[in-house]
Amino acid sequence: MCGIVAYIGEKQAYPILLEGLKRLEYRGYDSAGISVINSSLQTVKKKGKVSELESVAILSDLHGNIGIGHTRWATHGKPDDLNAHPHLSGDGSLSLVHNGIIENYATIKQALIDRGHTFKSETDTEVLIHLIEEYKKTDALSLEHALTKALTKVVGAYAIVVIDKNNPNELIAARKSSPLVLGIGDNEFFIASDASPIIQYTKKVVYLNDEEIVIAKNDGTFTIKNIHNEIQEPDIKELDLKIDQLEKGGYDHFMLKEIFEQPTTIAESMRGRLNANEGWVSLGGFDQFQNRIHHAKRIIFVACGTSWHSALIAEYLIEDLARIPVEVEYASEFRYRNPILSEDDLVIAISQSGETADTLAALEIAKERGALLYGIVNVVGSSIARITDCGSYIHAGPEIGVASTKAFTSQLVVLILMALKLGNKRGTISDAKFRELLYGLESVPAKVQEILAQSDKIKYIAQEIKDRQNALYLGRGINFPVALEGALKLKEISYIHAEGYPAAEMKHGPIALIDENMPVFVIATNASAHEKIASNIQEVKARKGLVIAIVSEGDTTISKIADYTFEIPYIEEQLTPLLSVIPLQLLSYYISVMRGCNVDQPRNLAKSVTVE
Ligand code: AGP
C-alpha cells in the first residue's frame, strides 16, 4: 500500500516531506516522489528507494512552504519514474498523490481522452487529477469543489492530497477506505497515511473519516467537510503511541499486524473477481490466454516454501473441481531435473516477492521449452510478474514479516478462483456447486474475523507448547498442505523442530516419535475423512501424545478425545484451508514471542531468497 505525506506552514516543506517518506518506508514501496510550490510547481519522482529520490532531488533545489510526497506500492502500471506519484494535471498547475484503487479509471480515462486529455502514465491516479482539472476548467469550480465533484464519480478506495500552483495557500485532502491523518501544529499542518511522519512535530491529530475532505491553510486554519459540503466537527486526539508501534499499526510485530489484516486482504484479493449472485469469476490474466489455458493438458506449479504449500492445495482443488492433471514442483528441484515440457503445459509460478531465484529459474526453463507461463504474485512489476505471459496479482499489500501469512491466504483465494473458473468453463462442476463455493468465498473475511477474535484461546495453548523441542502437524486431503504450512510457521519463527505429515502416514514410521513430550497438531476439519482423522488422534493418544485439534464448529466427537480443541466456523470443505491456517499462524506467533525470538526477522532467514 502507498504512503502519503504533505505539509503546509512556515517551514521549508521538502525536508519534512523527505523525512516523512523515510518514516513510511516500512510500508513497502517501489518508487517515490515529491512536489513543492514556490514561484512554480516543482516535482521530482523516481523508481526505487527514497534515498534514490533524495539523490535526484538534491539537484533541483526544492523549496517552498507547501508540498506533497508519496511512496508507491504499484497496483496499476509497473514501478517506474513515469508511474511514480505525484501526478500532474494536463496544464501542470495541479499535483496529486493517491493511496488506493480507482476501479472505474479506464472508463473515466477514455472519456477524458475523448475530451482531448493526454496521459503520461499507466496509473489510475493520473486519471483522477485530470478529472479534477476537467471540472475545474469546464465548470469554473474551485479546486475544493472540482475535487468533491470528481470524487462523486469515482468507484474505489482513495486517500489523496492535492495542491494548486495558482493557490499555494491551501492543501486539500480526502479519504475513502484508505487512511489519512491530519497533524495540527502551530500555524502548520501535516497530512499523512498514518501518524508516523507526524508524531515528531505534533501529537494533536484528526483521523479523517470516510468521504471527508480537509482544507488546511497557511493562515493556521483548517476545515473538515463531508462530500456533501457540510462542515464536520473535528475529533482532535492526542497521540500516545511510540513511532515504532505506529509503523506496526499499534501491533507489537509486523507479523501480528499482517495476520490481523487478513479479513481485509482476503477481501482485496477477491475484489472485482467474483460475484456469487450473478455466478461469475473474473481473473484478468486468465482471460487474455483462456484458449491456451483451457486446452492445457497439464498444469505444473513451481514455487518454494509457503508458496509451495498453496500450490499443493491448488493441486487438490484443480484436480477435484476441474479434472486437469496437476503437478507441484519445488522450483529448486524442477530447475535441475531436465523436466519434460511442451506448449500443452501451463506452468504456474506462485511467489509473494516475485523475486525468488529458484522460482525464476524454473520459469526460464519452462519458457525455453514452450510452456505457457502464469504468475500468481504479490509484488507488482517484480521479475516473476514480468517474465510470465500472464498472471494475477494477489493484492495482499506489502508483507514485511519474514514468515508469510496474509500472502498465503491471498494466494489461496486466487487459486480457488482459478479452480472454480476452470471447472465452470469445463463443465466439471455443477452450477449449484460453483455458486455454493462462491458464496462460501464471500463469507471468508467475516469468518476469519471470528477466528481472530478468539486469539486469546490460541495464546493459552501456546503456553503449553512453548517449551517443547519438537512438534508434529497432521492433516488429510486438502489439510495435509495446511499441516505442512503450520509446521513451517512454527519452525521458522520459534526454532522448534516441526514436521507436517499426511495423518495416515503416521503408522509408516513417525508414530515411533510419539510420547508425552510430543505435541501433535491435527487439522481435523474435513467432513469427508472425519472418522479416519478421529482414529488417527486415538492412535496418538494411545501413546500419550498431546493432541491439539483444529475442528469445524460444533464438532463434538474430536473435542472428547483431543487435549485441546479450537473450533473454526463452518465452511465448505474446499475452502477450509483459508480458515484452518489462521489458528496455526497465531500459535506460531505467540510461541515465538514467548520464546523471545525475533518474530519479524527470524535468524538465518530473508524475506525474499533472491539467491540460490
Ligand atoms: C514462508 O513463511 C517463508 N518466508 C518462505 O518459505 C517463503 O514462502 C519462500 O521463500 C517463498 O517466497 P516467495 O513466495 O516470495 O517466492
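Use the structure listed above.
Now for a description of the structure that goes with this document. (Residues numbered from 1 in each chain as written. Predicted model: local features only at pLDDT ≥ 70, side-chain atom pairs only at ≥ 80, totals over all residues. Heavy atoms only, no water.)

Glancing now at the site of the ligand. Near the ligand, the surroundings consist of 14 residues, among which Ser307, Ser351, Ser353, Thr356 and Glu492 are the closest. Here Ser353 contributes a side-chain N or O atom positioned 2.7 Å from an oxygen atom of the ligand. Between the ligand and Ser404, the relevant distance is 2.8 Å, taken from an oxygen atom to a main-chain nitrogen or oxygen of the residue. About the coverage of the ligand: the protein hides 90% of its 410 Å² of free accessible area. Secondary-structure elements contributing two or more residues to the shell around the ligand are helix 11 (305-322) and helix 19 (480-494). Partitioning the shell around the ligand into residue classes produces four nonpolar, eight polar and two charged. (Near = heavy atom within 4 Å. Polar contact = N/O pair within 3.5 Å; in protein donor to acceptor, adjacent residues only side chain to side chain. Areas by Shrake-Rupley, 256 points an atom, 1.4 Å probe, with all protein chains shown as cover. Helix = DSSP H or I, 4+ residues; strand = E, 2+ residues; numbered from the N terminus. Nonpolar A, V, L, I, M, F, W, Y, C, P; charged D, E, K, R; others polar.)

Below, the discussion takes up the nonpolar core. Counting 95 residues, the largest nonpolar core has Phe301, Ile318, Tyr374, Leu441 and Tyr473 as its most contacted members. Looking at this core, the element that brings in the most residues is helix 15 (residues 406-426), giving twelve residues. What Ile318 contacts, discounting residues up to four positions off in sequence, is Ile299, Phe301, Arg323, Ile324, Val326, Ala419 and Leu422. Judged by nonpolar contacts, the second largest core, of 28 residues, contains Val5, Ala13, Ala57 and Leu62. (Core = buried A, V, L, I, M, F, W, Y, C linked by side-chain atoms within 4.5 Å. Buried < 20%, exposed > 50% of the residue type's maximum accessible area, 1.4 Å probe, protein only. Contact = heavy atoms within 4.5 Å.)

We now examine the packing of aromatic side chains. In the structure shown here, the tally under the stated rule is nine aromatic pairs. Note on Phe190 and Tyr201: the rings are 4.7 Å apart at their centroids and 10 degrees apart in plane angle, and the pair reads as stacked. In this pair, Phe190 sits in strand 10 (residues 189-192) while Tyr201 sits in the loop between strand 10 and strand 11 (204-207), placing the two residues eleven residues apart along the sequence. A relative accessible area of 27% places Tyr201 in the partly exposed class. Aromatic side chains Tyr589 and Tyr590 sit 5.4 Å apart centroid to centroid with 70 degrees between the ring planes, which places their arrangement in the edge-to-face category. (Phe/Tyr/Trp six-rings, centres within 6.5 Å; stacked < 30°, edge-to-face > 60°.)

Once that is clear, we can look at the environment of Asn83. Turning to its location among the elements, Asn83 is positioned in the loop between strand 4 (66-72) and strand 5 (87-88). Spatially, the C-alpha atoms of Asn83 and Lys46 are 9.0 Å apart, while their sequence positions differ by 37 residues. Residues in contact with Asn83, not counting those within four places in the same chain, are Arg72, Gly77, Lys78, Ser121, Glu122 and Thr123.

Once that is clear, we can look at the pattern of salt bridges. Inspection of every chain in the model, using the stated rule, returns 31 salt bridges. Note that Asp287 is salt-bridged to Lys421, the shortest N-O span being 3.4 Å. Highlighted residues: Asp287 in helix 9 (residues 284-288) and Lys421 in helix 15, separated in sequence by 134 residues. For Lys421, a relative accessible area of 13% puts it in the buried group. Within this structure, Lys78, Asp80 and Glu122 form a network of salt bridges that share partners. (Salt bridge = Lys/Arg side-chain N within 4 Å of Asp/Glu carboxyl O.)

Along the chain, Thr356 turns up in the loop between strand 20 (345-351) and helix 13 (357-368). Within the local environment of Thr356, its side chain forms a polar contact with the side chain of Ser353, the two groups lying 3.4 Å apart. Residues in contact with Thr356, not counting those within four places in the same chain, are Cys304, Ser351, Ile384, Ser608 and Val609.

Turning next to helix 11. Taking 1.5 Å as the rise per residue, helix 11 with 18 residues should run 26 Å; its terminal C-alpha atoms sit 25 Å apart, in good agreement. Of all 18 residues in helix 11, 13 are buried, a share of seventy percent or more. Count one or two residues on from helix 11 and you reach Arg323, which has phi positive near 55 degrees. (Expected span 1.5 Å × (residues − 1).)

Attention now moves to the sheet that holds strand 6 (residues 94-102). Sheet architecture is open: seven strands sit in the order 5-6-7-8-12-13-14, paired in antiparallel fashion. Of all the strands in the sheet, just strand 5 and strand 14 (231-232) have a single pairing partner and so form its edges. In terms of strand pairing, strand 13 (residues 222-226) meets strand 14 through two bridges, oriented antiparallel. Following the sheet pairing, Ile224 is matched in strand 14 by Gln232. Along the sheet face, helix 4 (residues 124-138) touches strand 5, strand 6 and strand 7 (156-164) and points at about 130 degrees away from the line of strand 6. (Pairing = 2+ DSSP bridges. Axes fitted to C-alpha atoms, helices over the stretch in contact; angles between N-to-C directions.)

This part is about the packing of helix 4 against helix 5 (residues 143-151). Geometry of a packed helix pair, given as the angle between the helix axes and the separation of the axes. The N-to-C vectors of helix 4 and helix 5 enclose an angle of 120 degrees; their axes lie 8 Å apart at closest approach. In terms of orientation, helix 4 and helix 5 fall into the oblique class. Between helix 4 and helix 5 lies a crossing whose hand is right-handed. On the side of helix 4, the interface is formed by Leu128, Leu131, Ile132, Tyr135 and Lys136, while helix 5 contributes Leu143, Ala146, Leu147, Lys149, Ala150 and Leu151. (Parallel < 35°, antiparallel > 145°, perpendicular 65-115°, else oblique. Left-handed = near helix turned anticlockwise from the far one by under 90°.)

Let us now look at unusual backbone geometry. Of note, the amide linkage connecting His85 to Pro86 takes the cis form, showing an omega dihedral of 5 degrees. Along the chain, the position of Pro86 falls in the loop between strand 4 and strand 5. In this model, Asn187 sits at a positive phi of 60 degrees, which is unusual for a non-glycine residue. Relative to the elements of secondary structure, Asn187 occurs in the loop between strand 9 (181-184) and strand 10.

Between its first and last C-alpha, helix 22 (residues 577-594) extends 26 Å over 18 residues, near the 26 Å set by a 1.5 Å rise per residue. The buried fraction of helix 22 is high, at 16 of 18 residues. Within two residues after helix 22, Gly596 carries a phi angle of roughly 70 degrees, on the positive side.

Summarising burial for strand 2 (residues 31-37): seven of the seven residues are buried, a large majority. As paired elements, strand 2 and strand 4 share seven bridges and run antiparallel to each other. Within the sheet, the bridge partner assigned to Gly33 lies in strand 4 and is His70.

Right, let's get into the sheet that holds strand 11. Pairing is antiparallel across the open sheet formed by eight strands, whose spatial order is 3-2-4-1-10-9-11-15. Looking at which strands have only one partner, the edges of the open sheet turn out to be strand 3 (41-47) and strand 15 (237-238). The sheet contact formed by strand 1 (residues 3-8) and strand 4 spans six bridges and is antiparallel. Counterpart to Tyr7 in the pairing with strand 4 is Gly67. Taken strand by strand, helix 1 (residues 13-23) contacts strand 1, strand 2, strand 4 and strand 10, and its axis lies near 160 degrees from that of strand 2. Seen against the sheet, helix 2 (residues 50-57) touches strand 2, strand 3 and strand 4 and runs at an angle of roughly 135 degrees to strand 3.

By themselves these figures say nothing about function.
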